[in-house]
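Listed below are the residues making up each chain.
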Amino acid sequence: MYDLKELEAFAAVVRSGNLSLTARELDLSKSTLSRRIRQLEVSLGQPLLRRESNQLTPNEAGHVFYRYCDQILQLAKHGSQALDELHEEITGELVLRSHEGFIRGWFARVVETFLQHHRGINLRVHTQTEAPDNHTDGICLWLGDPGENRLRQEQIGALTQGVYGHPDYLNQRGRPQTPADLQEHTWIDLLGQQYGSPRPTLHHRVHGSYPLQPAASSLQFDQFCLQGDAIVRQSGLGLMPHWIAERRLQAHPGTLELCLPEWQGPSLPIWLLYPYGTLPRRDRAFIAHLRASLPADWTERRIYPPQHLSPPEVLENLG
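All values derive from a computational prediction rather than experimental measurement.

Caption draft 1: Spatial organisation of the overall build of the chain. Scanning the chain from N- to C-terminus turns up 10 helices and 13 strands. Expressed as a percentage of the 319 residues in the chain, the buried residues total 43%. In the chain, of all internal contacts separated by at least 6 residues, the share reaching a separation of at least 24 is 72%. As displayed, the chain offers around 17000 Å² of accessible surface, 48% of which is attributable to carbon and sulfur atoms.

Pasting the structure below:
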């Protein structure tokens, strides 16, 4: 077992090449520093340094051992920091931003369980309806294209989509059998999500792709929750993430029905956005907590319905 003080002395001498300079750097006497290096060489059974004029340089064995020595010291440092953090209370203010599609239910529970473990944190939670920009602070969970910004963008999953309606609406107006039949139905659109360029496409494992061309939207909303409310009120059909639809069905069974079940809508990537550089410990703690709380549905290759294969873009995003 190596003595960390001896390893530290050796590494410092290799970096500086000067015994006196290293002794001052480590706040040691030259004799103490020399003794630690000799003890390390004895334990290894061979010399590591050679003296050239007033400089100390590593020999071949010293060059080889220095690489491992540096790694050992870094691991020891990281281990010590990790243990220290276990005993330090996480405090301060933490700003959290979540896409409106996640804020109801799931994200609120993630925040609550985080607070149960860190009572000293003061959390500010914002609902995000527009993509973050360069001035966005804190940690943001975003659904869809985050656009160009100077934040670190980490994709943590994706949501697949399908066409949904209320069962009573479908009983009255008829169930679409092909994507072309959507033109006969009132369409509930989501502003800024569905009808950019290019237009979204439905995918079928046999019939390929079909550009989504429903009737002109008479209702448009800027939030998934409002779009879902309109669909549940039997105002028309709309393209919704399966995960969000399933959360609604758990709370209100029988209020949504998947139409054209073998046709899959475009997947929406899920992003974790946060500043570059070293984050405060409270930020790092929440990011770790959020990663550990991710629903399996976000990363598994889901099948809607059982006989339907996931579209290629989902496999690319999640594979």
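Next comes the rest of the account.
Caption draft 2: How the structure looks around the environment of Trp263. Within the secondary structure layout, Trp263 lies in the loop between strand 12 (257-259) and strand 13 (265-274). As for Trp263 and Val206, which are separated by 57 residues in sequence, their C-alpha atoms are 9.9 Å apart. With residues near it in sequence (within four places) discarded, Trp263 still touches Pro179, Leu202, His203, His204, His207, Gly208, Ser209 and Tyr210.

Caption draft 3: Fine view of the nonpolar core. Counting 39 residues, the largest nonpolar core has Phe102, Phe107, Phe286 and Trp298 as its most contacted members. With seven residues, helix 5 (residues 100-117) is the single largest residue contributor to this core.

Caption draft 4: Molecular detail of the packing of aromatic side chains. Across all of its chains, the model carries 12 aromatic pairs by this definition. Here the aromatic rings of Trp106 and Phe107 are separated by 6.2 Å at their centres, their planes lie at 50°, and the arrangement is tilted. Assigned by exposure class, Trp106 and Phe107 land together as buried. Aromatic pair Trp243 and Trp298: ring centres 5.4 Å apart, planes at 75°, arrangement edge-to-face. Placement of the pair is Trp243 in helix 8 (residues 242-251) and Trp298 in the loop between helix 9 (281-292) and helix 10 (312-318), with a sequence separation of 55 residues. Trp298 matches Trp243 in its accessibility class, with the two residues each being buried.

Caption draft 5: The pattern of salt bridges, seen in detail. Summed over the entire model, instances satisfying the criterion amount to four salt bridges. Salt-bridge contacts for Glu93 lead to Arg124; the nearest nitrogen and oxygen are separated by 3.2 Å. Taken together, the residues span a long stretch of sequence, with Glu93 in strand 3 (residues 92-99) and Arg124 in strand 4 (residues 121-128) at a distance of 31 residues. Judged by relative accessible area, which is 33%, Arg124 ranks as partly exposed. For Asp229, the salt bridge identified is with Arg248, shortest N-O distance 2.4 Å. One end of the pair, Asp229, is in helix 7 (residues 224-232); the other, Arg248, is in helix 8, and 19 residues separate them in sequence. Taking relative accessible area as the criterion, Asp229 reaches 25% and is therefore assigned partly exposed.

Caption draft 6: Representation of the packing of helix 5 against helix 9 in the model. Between helix 5 and helix 9, the least distance of the axes is 10 Å, while the angle of their chain directions is 125°. Between helix 5 and helix 9, the angle is such that the two are oblique. Here helix 5 runs over helix 9; the crossing is right-handed. In this structure, helix 5 uses Phe107, Val110, Thr113 and Phe114 to contact helix 9, whose residues at the interface are Arg282, Ala285, Phe286, His289 and Leu290.

Definitions and limits used
- Residues numbered from 1 in each chain as written.
- Predicted model: local features only at pLDDT ≥ 70, side-chain atom pairs only at ≥ 80, totals over all residues.
- Heavy atoms only, no water.
- Helix = DSSP H or I, 4+ residues; strand = E, 2+ residues; numbered from the N terminus.
- Buried < 20%, exposed > 50% of the residue type's maximum accessible area, 1.4 Å probe, protein only.
- Contact = heavy atoms within 4.5 Å.
- Areas by Shrake-Rupley, 256 points an atom, 1.4 Å probe, with all protein chains shown as cover.
- Core = buried A, V, L, I, M, F, W, Y, C linked by side-chain atoms within 4.5 Å.
- Phe/Tyr/Trp six-rings, centres within 6.5 Å; stacked < 30°, edge-to-face > 60°.
- Salt bridge = Lys/Arg side-chain N within 4 Å of Asp/Glu carboxyl O.
- Axes fitted to C-alpha atoms, helices over the stretch in contact; angles between N-to-C directions.
- Parallel < 35°, antiparallel > 145°, perpendicular 65-115°, else oblique.
- Left-handed = near helix turned anticlockwise from the far one by under 90°.

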